[in-house]
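# A closer look at the structure
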Amino acid sequence: MNIVVCVKYVPDAQADRTFSPDDNTTDRENVDGLLSELDEYPVEEALKLADATDGKVIVLTVGPEDATDAARKALQMGAHEAVHVQDDAIHGSDALATSKVLAAAIAKLEYDLILTGMASTDGSMGVVPAMLAERLGLPQITLASELTIEGGKAVIRRDNDASTEIIEASLPAVVSVTDQINEPRYPSFKGIMAAKKKPLQTWSLEDLGLTADEVGSAAAWTTVTSVAERPARTAGQVVTDEGDGGAKLVEFLAGAKLV
Amino acid sequence: MDLNDAAVDLAGLDELLNDDERDVQRAVRTMAQSRIAPYVADWFERGTVDDPRGLVRELGELGVLGMHLTGYGCAGLSATEYGLTCLELEAVDSGIRSLVSVQGSLAMYALWRFGSEEVKTQWLPAMAAGDAVGCFGLTEPDHGSDPSGMTTRARRDGSDWVINGGKMWITNGSIADVAVIWAQTDEGIRGFAVPTSTPGFSAVEIRHKLSLRASITSELTMDEVRVPEECVFPEVRGLGGPLTCLAEARFGVVWGAMGAARTCLSTALRYAVERSQFGRPVAGFQLTQQKLADMELEYVKGMLLAMHLARRKDAGTLRSAQVSLGKLNNVREALEICRTARTILGANGISLEYPVIRHMNNLESVLTYEGTVEMHTLVIGKALTGIDAFR
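The rules we used
Residues numbered from 1 in each chain as written. Chains lettered and ligands numbered in written order. Predicted model: local features only at pLDDT ≥ 70, side-chain atom pairs only at ≥ 80, totals over all residues. Heavy atoms only, no water. UniProt positions renumbered as here; feature names shortened; annotations may be inferred. Axes fitted to C-alpha atoms, helices over the stretch in contact; angles between N-to-C directions. Helix = DSSP H or I, 4+ residues; strand = E, 2+ residues; numbered from the N terminus. Parallel < 35°, antiparallel > 145°, perpendicular 65-115°, else oblique. Left-handed = near helix turned anticlockwise from the far one by under 90°. Contact = heavy atoms within 4.5 Å. Nonpolar A, V, L, I, M, F, W, Y, C, P; charged D, E, K, R; others polar. Pairing = 2+ DSSP bridges. Patch = residues over 30% accessible without salt bridge, like charges linked within 9 Å, V, L, I, M, F, W, Y side chains within 5 Å. Areas by Shrake-Rupley, 256 points an atom, 1.4 Å probe, with all protein chains shown as cover. Salt bridge = Lys/Arg side-chain N within 4 Å of Asp/Glu carboxyl O. Lys, Arg positive; Asp, Glu negative; His and termini not counted. Charge placed at Lys NZ, Arg CZ, Asp CG, Glu CD. Buried < 20%, exposed > 50% of the residue type's maximum accessible area, 1.4 Å probe, protein only. Polar contact = N/O pair within 3.5 Å; in protein donor to acceptor, adjacent residues only side chain to side chain. 1 Å grid on protein atoms, 1.4 Å probe; cavity = no way out; pocket = protein on both sides within 12 Å on 5 of 7 lines; lining within 4 Å. Points joined across faces, edges and corners; volume = space filled by probe spheres on them.

As recorded in an unreviewed UniProt entry, chain B goes by Acyl-CoA dehydrogenase family protein and comes from Kineosporia mesophila. Under the UniProt heading Cofactor (unreviewed entry), the entry covering chain B gives this text: "FAD". In UniProt, chain B has this text filed under Sequence similarities (unreviewed entry): "Belongs to the acyl-CoA dehydrogenase family."

Going by what an unreviewed UniProt entry lists, chain A is known as Electron transfer flavoprotein subunit beta and is assigned to Kineosporia mesophila.

In structure tokens:
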């Protein structure tokens, strides 16, 4: 079974993340980047499925030159091949354009299953899996906390607040997975060394049959018009218990519609 | 996060590494921070390691056990990468780095360098994978810095060897599957790969330590322990054998100590910025800044020395007196950094809620093992003057 895993290179969440002052896009220059933590889960899930079926895992990433690091990390974890779509014109793309690039790249690959994370840790929109499925004309099942492949179908469990759903889709399909699905492995030294010899292709927009005006800031349907720092946290409210502490707490909670 | 926490890498040490080295360091850091760091203070407090065999297996899966050796399932990485691994492991706890040093640089290295082919194929792949644990028996209750007077003896009996004696302060002793034992024989000091399941071999864990509490330390007793000929190391005679192994492990200590120092320095730095007294951060007082600046200086110098020695080791030009320079300087300065960090944290410095006193107490052991301060001082003195002051 061939599994394509879409992964994103994001700024390290442990660093101070900012926006570029020029165009309000995520600042990727001044912060170290890495493979989005939420994308380690689909990589791990793909590796487990591939191990069980003697299959192949291809990681696909779209991003600037340094985004190769995210693909390399996935190769070190055990993925077999990687494709990095890199083109200066892609800068500033919104989710719609990103899904367009991903779909065009996937169309050039052989696949039985497409896995993604539940969202990126920078944009956190979580809409790309659905857009991707729509563009490819494939069924989508999202937010899987468990995934099995049986009889040409993907079967997932999706945990909701009050219920658990079991959903299936015929293959090929797009499946997004949550951070509850597994515990991603970390690269071993053997994995790090093996990754150096694995194929990592770089494709441009032209390779995908796309043109610059279909992607990037100019083609974006959404624009970040302004950004502001989160206001400093204000001092809390201290409730002094003068025999009516309980009542005051209830009053506060009720006032904030928390109870 | 690379060679250093960015906050303490004022000198830009990270530039000294290539991509492969960064990848190895990152892999070890990820594993150590997620699988060991959350539990190690609790192990230290209770004086134990939960599931040490499981921990060894995880380290084996990562590839750190015997990582600088080649063949027999070992990763075959560079001395620099091994140093970075020790740095990251000891940034979590000296006891964990000790476990890895003893497994890889003492036990595995001795078997790899000196053992018969039978011994190598029997033990090395399993030890690299973390399925088997090794220990290294040189020190005895009455013979520490001067091992030449050891009383453990091995005698030939037909085609077998029979070993009698005792070894002390043996890391991993009680959980080991194989013990490298150095013993007097009629042909001088020789080394043996002794399966710990051999009748007459026993290991008792040493209690009441106030240092390296997240590390298993044991006393070994051998009473008529009989092993076949293939267990003896065929070529090596005399103290040169064990001392070669110690120089290997010592190199890891040069790096590891800086890991403990880094953790204490970055903890103290964070604490000093967050903690307020007299209406301003503790970090805003000149006395504190003096401490932090001195800690940073010694940290950077120790790292540069470690890096230099690693490059020499990779080039095959490292001499043992140079390792003594590194071991003496880096452990001594790391201990001083940890003690100073302890003062910056005030009363919190003595609590296991913070890593500082744990690292400080651990380094008291590291200061002594793998050659005491006194021995390394005399080795350096001898290298400088040509005069041997201790033999």
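## Description of the packing of helix α3 (residues 52-62) of chain B against helix α5 (residues 94-114) of chain B
Residues and elements named next belong to chain B. Close contact between α3 and α5 brings their axes to 12 Å; oriented N to C, the two are set at 70°. Classified by the angle their axes make, α3 and α5 are roughly perpendicular. For the pair α3 and α5, the sense of crossing is right-handed. Seen from α3, the contacting residues are L55, V56 and L59; seen from α5, they are I96, L99 and V100. Of the residues belonging to the contact of α3 with α5, the class tally is 6 nonpolar, no polar and no charged.

## Remarks on the packing of helix α4 (residues 79-92) of chain B against α5(B)
Residue and element names in this part refer to chain B. Contact geometry of α4 with α5 gives a least axis separation of 7 Å together with a crossing angle of 150°. Here Y82, C86, L89 and E90 of α4 lie close against α5, whose contacting residues are S94, I96, R97, V100, S101 and S105. Considered class by class, the residues forming the contact of α4 with α5 number 5 nonpolar, 3 polar and 2 charged.

## Remarks on unusual backbone geometry
Residues and elements named next belong to chain A. Residue L171 is joined to P172 through a cis peptide bond whose omega torsion reads -5°. In this fold, P172 is placed in the loop between β10 (164-170) and β11 (173-177). Even without a glycine there, the phi angle at S124 is positive, about 55°. Relative to the helices and strands, S124 is located in the loop between β6 (113-116) and α4 (128-136).

## Quick look at the sheet that holds strand β8 (residues 146-150) of chain A
Residues and elements named next belong to chain A. Spatially, the 3 strands line up as an open sheet ordered β8-β9-β10, and their pairing is antiparallel. With one partner strand each, in any of the chains shown, β8 and β10 form the two edges of the open sheet. This sheet shows a mean twist of 20° between the axes of neighbouring strands, independent of strand direction. In terms of strand pairing, strand β9 (residues 153-159) meets β10 through 7 bridges, oriented antiparallel. Across the sheet, the residue bridging to K153 is S170, located in β10.

## A look at a negative patch on the surface
All names here are of chain A. On the surface, E29, D32, E65 and D66 cluster together into a patch of negative charge. The residue D32 is located in the loop between β2 (9-11) and β3 (33-35) in this model. A relative accessible area of 49% places D32 in the partly exposed class.

## So, the sheet that holds strand β1 (residues 2-7) of chain A
All names here are of chain A. Read across the sheet, 7 strands follow the order β7-β11-β6-β1-β4-β5-β12 without closing on themselves; strand pairing throughout is parallel. Both outer strands of the open sheet, β7 (140-144) and β12 (200-203), are each paired with one neighbouring strand and no more. Ignoring strand direction, the axes of neighbouring strands in this sheet form an average angle of 20°. Here 4 bridges tie β6 to β11, and the two strands are oriented parallel to one another. What sits directly across from L115, in β11, is V175. Helix-sheet contacts for helix α1 (residues 37-53) involve β1, β4 (56-62), β6 and β11, and the interaxial angle to β1 is about 170°.

## What to know about the UniProt feature "domain: Acyl-CoA dehydrogenase/oxidase C-terminal" (unreviewed entry) in chain B
The feature "domain: Acyl-CoA dehydrogenase/oxidase C-terminal" (unreviewed entry), as annotated in UniProt, sits at residues 238-384 of chain B in this numbering. Split by type, residues 238-384 of chain B is 78% helix and 3% strand. Its first and last C-alpha atoms lie 25 Å apart.

## A few points about the side chain of A:H84
All names here are of chain A. Among the structural elements, H84 can be located in strand β5 (residues 81-85). Engagement of the side chain of H84 in a polar contact is seen with the backbone oxygen of P64, the distance being 3.1 Å. Those residues within four positions of H84 in sequence are excluded, and the remaining contacts are T61, G63, P64, E65, A67, T68, L200, Q201, T202 and W203.

## Observations concerning the UniProt feature "domain: Electron transfer flavoprotein alpha/beta-subunit N-terminal" (unreviewed entry) in chain A
Under the UniProt annotation, the feature "domain: Electron transfer flavoprotein alpha/beta-subunit N-terminal" (unreviewed entry) is placed at residues 23-212 of chain A. Taken end to end, residues 23-212 of chain A has its terminal C-alpha atoms 18 Å apart, with 29% of it in helix and 27% in strand.

## A short note on the layout of surface pockets
All names here are of chain B. Considered as a void within the structure, the second largest pocket measures approximately 1,300 Å³ in volume. Looking at the second largest pocket, it is lined by 44 residues, and the ones nearest its centre are L246, R250, Y369, E370 and G371. Of all the elements in the fold, those that place two or more residues in the lining of the second largest pocket are α5, β1 (134-137), β3 (160-171), α7 (240-274), α9 (320-344), α10 (356-368) and α11 (373-385). Of the residues that constitute the lining of the second largest pocket, the class distribution is 20 nonpolar, 17 polar and 7 charged.

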